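# Remarks on the overall topology
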2 protein chains.
Amino acid sequence: MEGFSIFIVDDHQLFIEGLTALLKANNYTVTGFANSGSALFKVLEQQQPHLLLMDIGMKEMDGVEVSALVKKQYPAIKILIISMHAKRVYLEKLIEAGVEGYLLKSADDEELKLAIRCIAEGSTYFSPQVSDSIFQNMVTRNREPDVMLTPREKGIIKLLAEGMNTKEIADNLNISINTVESHRKNVLLKTGLKNVAHLIKWAFENGHL
Amino acid sequence: MEGFSIFIVDDHQLFIEGLTALLKANNYTVTGFANSGSALFKVLEQQQPHLLLMDIGMKEMDGVEVSALVKKQYPAIKILIISMHAKRVYLEKLIEAGVEGYLLKSADDEELKLAIRCIAEGSTYFSPQVSDSIFQNMVTRNREPDVMLTPREKGIIKLLAEGMNTKEIADNLNISINTVESHRKNVLLKTGLKNVAHLIKWAFENGHL
DNA sequence: CCTGATCTAACGGTTTTCCGGTAGCTATAA
DNA sequence: TTATAGCTACCGGAAAACCGTTAGATCAGG
């Protein structure tokens, strides 16, 4: 494992330091860390580690975008995602981006070492829970072909979540009530959700709020 | 610091092991860990550590309840909360429960060591960001006097979030439509929210979903 | 230039929510 | 034993959401 450099990306300093201590105790080489995407790219200009341990928290969907960008600019760098949860939404995009592995934070250090070994050898590692999720997704994929919301629609969802009714939203955006109803209707149509309450929950779970 | 035992409670095994490695590298004594509240209490019957490092994630509000229970049954055990965010909702209850400290995961190891030292010496440590949040809370406290939902109400909110309407919920719970409407009405009344969409958002932000 | 996506707007009818008030039944705590 | 809290249930009217459908304007990309 000598000569295999690991770099940690996470916005939780404590987790970085814990992970670093853990890896060093197991004779891995940790060459640094970054707290944000921009910090990471600054470092990558100077040095390219072999492996990025990338944490994906709840709030920042951008961990996904960061991964995609890294893969585009530095295809040689391997990426192992360490995430809180096995959300399909993230997974799809991450696999599309070409990450080499996906671990849950509930994994233990044995699984972490296994994942790193797999990736170092040129393979991939996706934790079982996650693989199931992927497979399930493959099967049901056709039903939900990636719902994309327009900016206007996202804006209206935000206002709906604030408790505004159609008229208030119309006033707020200086458009007709009919228009707002059209948007609301379109969103429900394209997402296949039942009503606004359902929509708000969906928006939360899919990073739109 | 010799003779001061630390015990970690977290449902993320990786974080536990990272933290353990970090603490051991700094010559602290880590006597064990637990992945859940129930596991913790089983261990506490056998041994009482001096300090609990308690992680509070997003989903499990129960970290708060666990802390309260520990403090009630083992007042001598100190508790240092390590949390993802500085949510007022959690903070209030944790302080009420009597925890000795509150750290964010964005803290570094220096702050962790400082917090542990403070608590070991009989003092308390609340990270600056959190203290601000507390203070801000003191000022605005009067406006939101702690809305408590009954189990039935929580159940109905969950079903509402699934997109069910009143009739479907009534069927699902085997109660009258009128009853469901009463509950929905009461919830909106006691929370002061505008409609169900607003309610779903509120429920998400306050840990009810 | 044509096409597709987006934003805008409208109408009529049905269903559901929202609001207000009222009220009985049970279990539990003061 | 009173309260008090929680769950249950009902009614009627106003307001809003939901549904299906149509359609003009604009603007970016092939």
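Each value, and the rule that gives it
Within every chain, residues take consecutive numbers counted from 1 along the sequence as written. Here the convention is simple: chains get letters from A, ligands get numbers from 1, in the order in which they are written. In view of the model being predicted, local features appear only for residues whose pLDDT reaches at least 70, and side-chain atom pairs are presented and counted only at 80 or more, with totals across whole chains, interfaces and linings using the full set of residues. The side-chain quantities take in all heavy atoms of the structure and omit both hydrogens and water. Whether a residue is near a molecule or strand depends on its heavy atoms: if one lies within 4 Å, it is near. Any N or O atom pair separated by 3.5 Å or less is treated as a polar contact, with the protein-specific requirement of one donor-capable and one acceptor-capable atom, and with residues adjacent in sequence counted only for side-chain atom pairs. Secondary structure elements are defined from DSSP: runs of H or I of at least 4 residues count as helices, runs of E of at least 2 residues count as strands, and each element is numbered from the N terminus. We call a set of buried residues a nonpolar core when its members are Ala, Val, Leu, Ile, Met, Phe, Trp, Tyr or Cys and they connect through side-chain atoms within 4.5 Å of each other. Buried means the residue's accessible area, taken with a 1.4 Å probe over protein chains only, is under 20% of the maximum for its type, while exposed means over 50%, and partly exposed covers the values in between. Contacts are assigned to residue pairs with any non-hydrogen atoms lying within 4.5 Å of each other. Buried area counts how much accessible surface, traced with a 1.4 Å probe, disappears from two parts once they are put together, with both parts' losses summed. Just to be clear on terms, a salt bridge is a Lys or Arg side-chain nitrogen sitting within 4 Å of an Asp or Glu carboxyl oxygen. Each residue is assigned to one of three groups, with Ala, Val, Leu, Ile, Met, Phe, Trp, Tyr, Cys and Pro labelled nonpolar, Asp, Glu, Lys and Arg labelled charged, and all others, Gly among them, labelled polar. Whether two strands pair depends on DSSP finding at least two bridges between them. Note on definitions: angles span 0 to 180 degrees between N-to-C directions of axes, and those axes are lines fitted to C-alpha atoms, for helices only across the stretch in contact. We superpose the copies by least squares over the C-alpha atoms of residues that have a pLDDT of at least 70 in both of them.

Close to DNA strand D lie 16 residues; Lys185(A), Thr150(B), Arg152(B), Ser176(B) and Asn178(B) are nearest. Backbone atoms, meaning sugar and phosphate, form 61% of the atoms of DNA strand D found within 4 Å of the protein. At 3.2 Å, a side-chain N or O of Ser182(B) approaches a base nitrogen of DNA strand D. Every element with two or more residues in the surface near DNA strand D is listed here: helix H9 (177-191) of chain A together with helix H7 (151-161) and helix H9 (177-191) of chain B. Among the elements that take part in the surface near DNA strand D, H9(B) stands out by supplying four residues, more than any other.

In this section: the nonpolar core. Nonpolar side chains in soluble globular proteins tend to end up buried together. Residues Leu19(A), Leu23(A), Leu112(A), Leu23(B) and Leu112(B) are the most contacted members of the largest nonpolar core, which totals 48 residues. In terms of nonpolar packing, the next biggest core, distinct from the first, is built from 38 residues, Val180(A), Ala197(A), Ile200(A) and Ile157(B) among them.

Tallying the contact residues gives 38 residues for chain B and 38 residues for chain A. Both faces considered, chain B and chain A share a buried interface measuring about 3100 Å² in area, 67% of it formed by carbon and sulfur atoms. When residues of chain B are sorted by the area they lose upon contact with chain A, Leu14(B), Lys201(B) and Phe204(B) head the list and together hold 20% of the total. At the junction of chain B with chain A, the criterion picks out two salt bridges. When the shortest N-O distance is used, the salt bridge between Glu162(A) and Lys201(B) registers 2.8 Å. At the junction of chain B with chain A, the criterion picks out 14 residue pairs in polar contact (both at pLDDT 80 or more). At the level of secondary structure, the elements contributing two or more residues to the side of chain B that touches chain A comprise helix H1 (13-25), strand E5 (101-104), helix H5 (109-120), H7 and helix H10 (196-205) of chain B. Considering each element in turn, the side of chain B that touches chain A owes the most residues, eight residues, to H1(B). Taken together, the residues of the side of chain B that touches chain A sort by class into 19 nonpolar, eight polar and 11 charged.

All names here are of chain A. Even without being a glycine, Asn27 presents a positive backbone phi close to 65 degrees. Looking at the secondary structure, you find Asn27 in the loop between helix H1 (13-25) and strand E2 (29-34). The class of Asn27 is exposed, set by a relative accessible area of 66%. Positioned with a positive phi, Asn174 is a non-glycine residue whose angle comes to about 60 degrees.

This next bit is on the sheet that holds strand E3 (residues 51-56) of chain B. Residue and element names in this part refer to chain B. Read from one edge to the other, the open sheet built from six strands follows the order E2-E1-E3-E4-E5-E6, with strand pairing classed as parallel. What marks the edges here is a single partner per strand, and that holds for strand E2 (29-34) and strand E6 (125-126). Pairing geometry for strand E1 (residues 5-9) and E3, over four bridges, is parallel. Bridge pairing links Val9 to Met54 in E3. On top of the sheet, H1 reaches E1, E2, E3 and strand E4 (78-83); it is set at about 175 degrees to E2, its chief contact.

Time to look at the pairing of E3(B). Residue and element names in this part refer to chain B. Most of E3 is tucked away: six of the six residues are buried. Pairing of E3 with E4 involves six bridges; the strand directions are parallel. Paired with Leu51 across the strands is Lys78, a residue of E4.

It takes a turn of 179 degrees to lay chain B on chain A, together with a shift of 0.4 Å along the axis; the resulting RMSD is 1.2 Å. Between the two chains, the operation in question is that of a two-fold axis. If distances are taken from each C-alpha of chain B to the rotation axis, the shortest is found for Gly18(B), at 2.0 Å. The overlap is high: 100% of the interface residues of chain B also sit at the interface in chain A, so the same surface is used on both sides.

Right, let's talk about the protein's contact with DNA strand C for a bit. Every one of the 17 residues lining DNA strand C counts as a neighbour, but Thr150(A), Arg152(A), Ser176(A), Thr166(B) and Lys185(B) are closest to it. Protein-adjacent atoms of DNA strand C, using a 4 Å cutoff, are sugar or phosphate at a proportion of 63%. Measuring from a phosphate oxygen of DNA strand C, one finds a backbone N or O atom of Ser176(A) at 2.6 Å. In the environment of DNA strand C, a phosphate oxygen lies 3.5 Å from a nitrogen or oxygen atom belonging to the side chain of Asn165(B). Among the secondary structure elements, those contributing two or more residues to the surface near DNA strand C are helix H7 (151-161) and H9 of chain A together with H9 of chain B. No other element matches H9(A), which puts five residues into the surface near DNA strand C. Its residues placed into classes, the surface near DNA strand C shows three nonpolar, nine polar and five charged.

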